[in-house]
Amino acid sequence: MSKPSITFVFLTFGENVFYHSQLIYSMISIKSFQSEAREQKFVVVTDKPEYYECIKDIATIIVVDDETLNGWRGEHDFFWRIKIEAMLKAMEGREGSHICYLDTDTIASKNLEGIFDLLDDGYNLMHTKEFDFVNPPGQTATEMKRHGLNKSYNGFVLSEDKQMWNAGVVAISATNDPLKTLHVALGVCDSMCADGMTRKLIEQFSLSIVLQVNKIREASPWVRHYWGNKPKWDQQIAGFFAELYIKNSGVESAIEQYSFQEHNLADVVMETRMNKYKNSIVKRLPSFMK
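Residues numbered from 1 in each chain as written. Predicted model: local features only at pLDDT ≥ 70, side-chain atom pairs only at ≥ 80, totals over all residues. Heavy atoms only, no water.

Caption draft 1: Region of the structure containing the pattern of salt bridges. The final tally for this structure, using the stated rule, is 17 salt bridges. Ionic pairing is found between Arg81 and Glu85, a salt bridge with its closest N-O pair at 2.8 Å. One end of the pair, Arg81, and the other, Glu85, are both in helix H3 (residues 81-90), four residues apart, so they sit about a helical turn from each other. The two residues Arg81 and Glu85 agree in class, both being buried. Note that Lys230 and Asp105 form a salt bridge whose closest N and O atoms lie 3.4 Å from each other. Highlighted residues: Lys230 in helix H8 (residues 230-246) and Asp105 in the loop between strand S4 (98-102) and strand S5 (106-108), separated in sequence by 125 residues. Lys230 sits in the partly exposed class, given a relative accessible area of 26%. Linked through salt bridges whose partners overlap, the residues forming this network are Glu15, Asp47 and Lys48. (Salt bridge = Lys/Arg side-chain N within 4 Å of Asp/Glu carboxyl O. Helix = DSSP H or I, 4+ residues; strand = E, 2+ residues; numbered from the N terminus. Buried < 20%, exposed > 50% of the residue type's maximum accessible area, 1.4 Å probe, protein only.)

Caption draft 2: Seen up close, helix H9 (residues 251-258). All of the buried residues along H9 are Val251, Ala254, Ile255 and Tyr258. For H9, the angular spread of the buried residues around the axis is 100°, confining them to a single face. (Arc of directions from axis to C-beta.)

Caption draft 3: A look at the sheet that holds strand S11 (residues 169-172). The strand order across the open sheet built from seven strands is S3-S2-S1-S4-S11-S6-S12, with neighbouring strands paired in mixed fashion. A single partner strand is all that each edge strand has here, and the edge strands are strand S3 (60-63) and strand S12 (216-218). With strand direction ignored, the average angle separating the axes of adjacent strands in the sheet is 20°. Two strands pair when backbone bridges link them, and strand S1 (residues 6-12) and strand S2 (residues 40-46) are joined in this way by seven bridges, in the parallel orientation. Bridged to Phe10 within S2 is Val44. Strands S1, S2, S3, S4 and S11 of the sheet are contacted by H3, whose axis makes an angle of about 140° with S1. (Pairing = 2+ DSSP bridges. Axes fitted to C-alpha atoms, helices over the stretch in contact; angles between N-to-C directions. Contact = heavy atoms within 4.5 Å.)

Caption draft 4: Expanded view of the packing of aromatic side chains. Taken as a whole and judged by the stated rule, the model has 11 aromatic pairs. Seen in terms of ring centroids, Tyr25 and Tyr258 are 5.3 Å apart; in terms of plane orientation they differ by 65°. Their pairing is edge-to-face. Residue Tyr25 is located in helix H1 (residues 17-32), and its partner Tyr258 is located in helix H9; the two are separated by 233 residues in the primary sequence. Look at Phe131 and Phe133: their rings are 5.2 Å apart centre to centre, the planes differ by 70°, and that puts the pair in the edge-to-face class. An identical accessibility class is assigned to Phe131 and Phe133; each is buried. When the ring centre of Tyr123 is taken as origin, the NZ or CZ atom of Arg217, which lies over that ring, is 5.6 Å away. (Phe/Tyr/Trp six-rings, centres within 6.5 Å; stacked < 30°, edge-to-face > 60°. Lys NZ or Arg CZ within 6 Å of the ring centre and 35° of its normal.)

Caption draft 5: Region of the structure containing H8. Taking 1.5 Å of rise per residue, the 17 residues of H8 would be expected to cover 24 Å, and the 24 Å separating its terminal C-alpha atoms lies within 8% of that figure. Within the span of H8, buried status applies to Trp233, Asp234, Ile237, Phe240 and Leu244. Projection of H8 onto a plane perpendicular to its axis shows the buried side chains occupying an angular sector of 125°, all on one side. Opposite the packed face of H8, turned more than 90 degrees from it, sit the exposed residues Pro231, Gln235, Tyr245 and Ile246. The inward-facing, buried residues of H8 abut H1, S5, strand S13 (223-225) and H9. One or two steps after H8, the chain reaches Asn248, where phi turns positive at roughly 55°. (Expected span 1.5 Å × (residues − 1).)

So, to be careful, I would describe these as geometric facts and stop short of saying anything about function.
Below is the structure:
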């Protein structure tokens, strides 16, 4: 009996070339460890297909326009609802395949066979468990608990035993019907928006609350998520692609060259108060640019 295929899904949009280069670098990292034991597919959902000419032979590019992206915000105009919609779009017609969504700021740190084996065994994965609601850290988590404790969202009750998982990686086993699971998570997300839940982590928690119904594990042993040190990583990635460009090398050479890369950078660095303020403004820009 053949093993289920795995569909890697990425989402990016907008003019910031660093996001697009992060995505290609992440894909190259996965390809550098790829084995022939299982079919692996790559899907990129983007409004900038021109940035992906170099990988069009190894990935399916799904082009979306501003109207589609705005529609994916939903009735309650929640920006990060787009993430779940993009996963659903990428999985159309791919029944029977595992899905592994990755944020652009990720890289495979080693062979992903461990993730594939867990998916085969019916586990879902997210990048890492962040906290339990019995003891939520920070203002946002505390507000979410205060607002939603013991309320039901699309049939899921926010109880103290619920966990928040980081959505830098979202992998759903084919056994757990990824399309159905994502539709349920989208319903949870919409229900939380309708209830006025603080929005910062809603799409992440919607996925967390639904995926943990089944067995769930961390993907962090196999995937690094450098969300807290992007400028330094962007410099390294830019240098990698600059060298390939001046050598007139293609994507196959990039995959080979990746194995010689060193990644000694931290994934997260402590922010100064001023940098934290600046980064919070940058992260909130999408909600203002409607």
